[in-house]
Amino acid sequence: ARPAAKITIESLKVFIVGVDTLKQRLYGWLRLPMPTEAGQPFPAGYCHFPEHGAEWFKQLTAESARPHTGRGTGTRWRWEKTNHDRNEALDCRVYASAVLSIVGGDRMDDASWTRLEAQLGANASTPAPRAKPKREGEDGGYIDRDRWRR
């Protein structure tokens, strides 16, 4: 077996992610109304969700911003879980949005996306095949989290 590569602080690229701002922006987009007339464009930021179940939407909306008053700090808003314990869908959406911003995807116009699709050979009419999800035990079990933290 090959020895694991040593990761040092100098070899990592760290990005500060403003999750509060990204959550606020996402929740604003979730409130956008769907166009009511045929042919009417969707508003900028409108979220399309083709294949998600109820659990995913509960996770996506599992937090809300609530005011908190601290000593000498005035009122600050904090994101807190509401009535659902799991919020993985929200976290994934927020961090995916951060990555898109880091690589410049949030500043691309339609023509840039079309060029990128052509460059990559993407065809919007043919969806990419989905990988079959692995079940417990198919890959030798779960990751030992204590091992990869070292």
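Right above here is the structure, for reference.
Here's what I pulled together on the structure shown here. (Residues numbered from 1 in each chain as written. Predicted model: local features only at pLDDT ≥ 70, side-chain atom pairs only at ≥ 80, totals over all residues. Heavy atoms only, no water.)

**Some thoughts on the overall build of the chain**
The helix and strand inventory of the chain stands at five helices and two strands. Moving toward the C terminus, one meets the helices and strands of the chain in the order α-α-β-β-α-α-α. Scored against the burial criterion, the 150 residues of the chain give a buried share of 15%. Counting only contacts in the chain whose residues sit at least 6 apart along the sequence, the fraction spanning at least 24 positions is 45%. By element, 54% of the accessible surface of the chain is carried by carbon and sulfur atoms, the whole surface being about 13100 Å². (Helix = DSSP H or I, 4+ residues; strand = E, 2+ residues; numbered from the N terminus. Buried < 20%, exposed > 50% of the residue type's maximum accessible area, 1.4 Å probe, protein only. Contact = heavy atoms within 4.5 Å. Areas by Shrake-Rupley, 256 points an atom, 1.4 Å probe, with all protein chains shown as cover.)

**Some points on the pattern of salt bridges**
Taken as a whole, this structure holds four salt bridges when the rule is applied. A salt bridge links Glu63 to Lys23; the nearest nitrogen and oxygen atoms lie 2.6 Å apart. In this pair, Glu63 sits in strand S1 (residues 63–70) while Lys23 sits in helix H1 (residues 19–30), placing the two residues 40 residues apart along the sequence. We note that Glu63, like Lys23, is buried. Among the salt bridges present, the one from Asp106 reaches Arg107, with a minimum N-O distance of 2.9 Å. (Salt bridge = Lys/Arg side-chain N within 4 Å of Asp/Glu carboxyl O.)

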